[in-house]
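# Analysis of the macromolecular model
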Amino acid sequence: MDGLIPTGLTLLCGASKIGKSWMSLQLAVSVSSGKDFLGFRVRKSNVLYLALEDTERRIYERTLLVLNGSPMPEGLSFMTRAFTLSDGLLDELTEMVKSTGAKLTIIDTLQMIRGGLSNKESLYGYDYREMALLKSLADDLGIAVLAVHHTRKTGDSDRFNTISGTTGIMGASDGSLILYKKGRSEDKAYLDVVGRDVEEQEYVILWDKEKHIWEMEETKAQEIERETAKEFSESLTMKAVLSLDLPVRITATEISDRIEESTGKRIDAYRIGTDIQRFSAMLEKRYGITHRMERTSSKRTHVFEKGEKRIEAGA
């Protein structure tokens, strides 16, 4: 799948019960049916899905929900039991991939196929060794392997550092997808994508309870731009600046006085300066007004320009 899951080994990570398995099943159905997945075009091909935390009945019933009345794809095969990496899984998978003609193999979850830690082997070495085995399988067979894995709670701002285990897990893979939520929304989530052969991107996705599938909403950048545009249009500071006769020189305190006079609300000078800095790019994009700031010993001066004219404002 170009742009999301290339040939090689990819991780799909997220917290427990966040919807990783539903997403994996949706991917399997999409690829085996030749239908788009989250807006990405897929190359129709056979899929081998290792649903190692499910019974045959449960995965069958879940697949029917995802299909939503569509026929069961002929190229979709399931396994609910498998060896571990230390007990012959690679040979088992090689045989299954060749017999089913699968170009995508999904392992749900990675933990279910992990072998034991060798004597004197570091945790990093253990993680890297096992992931390297899966990557070699994918490379040797020329297929895409998606391994579903868990994240852990950390204070790290880098989502990829939340992947459970050592850095050897991600280091040996070709790409990683992190599924996570912010706030208390049950239906809205984010999908963070990074990899050697994919564009680094973050997407906003929504869970459709009726269809039991994830749907693409927009990119995270588009969400930020949309929310910033809304805040810009509601900003009393921007409304005050746009109401000024240009060119003009005015302090932040004087802007605050104008806002209070027209709305009855008082905004301090610091907040006004912060708003000007935050929305300056949108001010230029929408109205052609550029901004720079000059400092003197007694005050800071915000300098605006529109066309050939200069608008100066002091703070």
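Parameters at a glance
- Residues numbered from 1 in each chain as written.
- Predicted model: local features only at pLDDT ≥ 70, side-chain atom pairs only at ≥ 80, totals over all residues.
- Heavy atoms only, no water.
- Helix = DSSP H or I, 4+ residues; strand = E, 2+ residues; numbered from the N terminus.
- Rg over C-alpha atoms; globule rule 2.2 N^0.38 Å.
- Contact = heavy atoms within 4.5 Å.
- Lys, Arg positive; Asp, Glu negative; His and termini not counted.
- Charge placed at Lys NZ, Arg CZ, Asp CG, Glu CD.
- Patch = residues over 30% accessible without salt bridge, like charges linked within 9 Å, V, L, I, M, F, W, Y side chains within 5 Å.
- Areas by Shrake-Rupley, 256 points an atom, 1.4 Å probe, with all protein chains shown as cover.
- Salt bridge = Lys/Arg side-chain N within 4 Å of Asp/Glu carboxyl O.
- Buried < 20%, exposed > 50% of the residue type's maximum accessible area, 1.4 Å probe, protein only.
- Phe/Tyr/Trp six-rings, centres within 6.5 Å; stacked < 30°, edge-to-face > 60°.
- Expected span 1.5 Å × (residues − 1).
- Arc of directions from axis to C-beta.
- Core = buried A, V, L, I, M, F, W, Y, C linked by side-chain atoms within 4.5 Å.
- Pairing = 2+ DSSP bridges.
- Axes fitted to C-alpha atoms, helices over the stretch in contact; angles between N-to-C directions.
- Right-handed = clockwise from strand over helix to strand, strands pointing away.
- Parallel < 35°, antiparallel > 145°, perpendicular 65-115°, else oblique.
- Nonpolar A, V, L, I, M, F, W, Y, C, P; charged D, E, K, R; others polar.

## Quick notes on the overall build of the protein chain
On a plain count of helices and strands, the protein chain comes out with nine helices and twelve strands. At 27 Å, the protein chain has a C-alpha radius of gyration far larger than the 20 Å of a compact globule built from 315 residues. The principal-axis extents of the C-alpha atoms in the protein chain amount to approximately 75 × 50 × 35 Å. When contacts within the protein chain are restricted to residue pairs at least 6 apart in sequence, long-range pairs at least 24 apart make up 57% of them. Put simply, the protein chain has 45 plus and 49 minus side-chain charges, and the middle of one group is 3 Å from the middle of the other.

## Describing a nonpolar patch on the surface
The grouping of Y60, L64 and M72 at the surface amounts to a nonpolar patch, some 270 Å² of accessible area in total. Following the sequence through the fold, M72 ends up in the loop between α2 (56-67) and β3 (76-79). For M72, a relative accessible area of 33% translates into the label partly exposed.

## Some words on the packing of aromatic side chains
If you walk through the whole model with that rule in mind, you get eight aromatic pairs. Ring geometry for Y49 against F78: centres 5.8 Å apart, planes inclined by 55°, an arrangement best described as tilted. With Y49 in strand β2 (residues 46-51) and F78 in strand β3, the pair connects residues that are 29 residues apart, well separated along the chain. You can call F78 partly exposed: its relative accessible area is 29%. Their ring planes at 20° and their centres at 5.4 Å tell us that Y180 and Y190 sit as a pair that is stacked. Placement of the pair is Y180 in strand β6 (residues 175-180) and Y190 in strand β7 (residues 188-195), with a sequence separation of ten residues. Considered together, Y180 and Y190 belong to a single accessibility category, that of buried residues. Members of the aromatic cluster, joined through ring pairs, are W22, W207 and W214.

## Observations concerning helix α8 (residues 252-263)
Compared with the 16 Å implied by 1.5 Å per residue over twelve residues, the 16 Å span of α8 between its first and last C-alpha is a close match. Of the residues making up α8, those classed as buried are A252, I255, S256 and I259. Projected onto a plane normal to the axis of α8, the buried residues spread over an arc of 100° and lie on a single side.

## Quick look at the nonpolar core
Residues M1, M23, L27, I106, L191 and I205 are the most contacted members of the largest nonpolar core, which totals 39 residues. Those residues in contact with M1 that lie beyond four places of it in its chain are P6, L27, V31, F37, F40, R41 and V42. Membership of the second largest hydrophobic core comes to 31 residues, among which are C13, M79, F160 and Y180.

## Focus on the pattern of salt bridges
Under the criterion given, the structure shown has 21 salt bridges. A salt bridge links E225 to K285, with the shortest nitrogen-to-oxygen separation between them at 2.9 Å. Here E225, found in helix α6 (residues 220-234), pairs with K285, found in helix α9 (residues 269-287); they are 60 residues apart in sequence, far enough to count as distant. Judged by relative accessible area, which is 64%, K285 ranks as exposed. Each of K135, D139, D174 and R196 takes part in salt bridges that share partners, so that together they form one network.

## Regarding unusual backbone geometry
Cis peptide bonds are those with omega within 30 degrees of zero, and the linkage from D108 to T109 qualifies with 10°. The topology assignment puts T109 in the loop between β4 (102-108) and α4 (123-141). Phi angles above zero are rare outside glycine, and H212 is one such case at about 60°.

## Section: the sheet that holds β3
Taken together, the nine strands give an open sheet; going across it, the order is β3-β2-β4-β5-β1-β6-β7-β8-β9, and neighbouring strands pair in mixed fashion. Looking along the sheet, the strands with just one partner apiece sit at the ends: β3 and β9 (213-219). Going from strand to strand, the sheet's axes swing by 20° on average, the running direction of each strand aside. In the packing of α4 onto the sheet, the strands contacted are β1 (8-14), β4 and β5 (144-150), and the crossing angle to β1 comes to about 130°.

## A look at the pairing of β3
Here β2 runs beside β3; their pairing, made up of four bridges, is parallel. Within the sheet, the bridge partner assigned to L48 lies in β3 and is S77. Crossover connection from β2 via α2 to parallel β3: handedness right-handed.

## Some thoughts on the packing of α6 against α9
Running from N to C, α6 and α9 point in directions that differ by 85°, and their axes come no closer than 11 Å. When the interaxial angle is binned, α6 and α9 end up roughly perpendicular. Where α6 abuts α9, its residues E225, T228, A229, E231 and F232 lie against R278, F279, M282, L283, K285, R286 and Y287. Its residues placed into classes, the contact of α6 with α9 shows six nonpolar, one polar and five charged.

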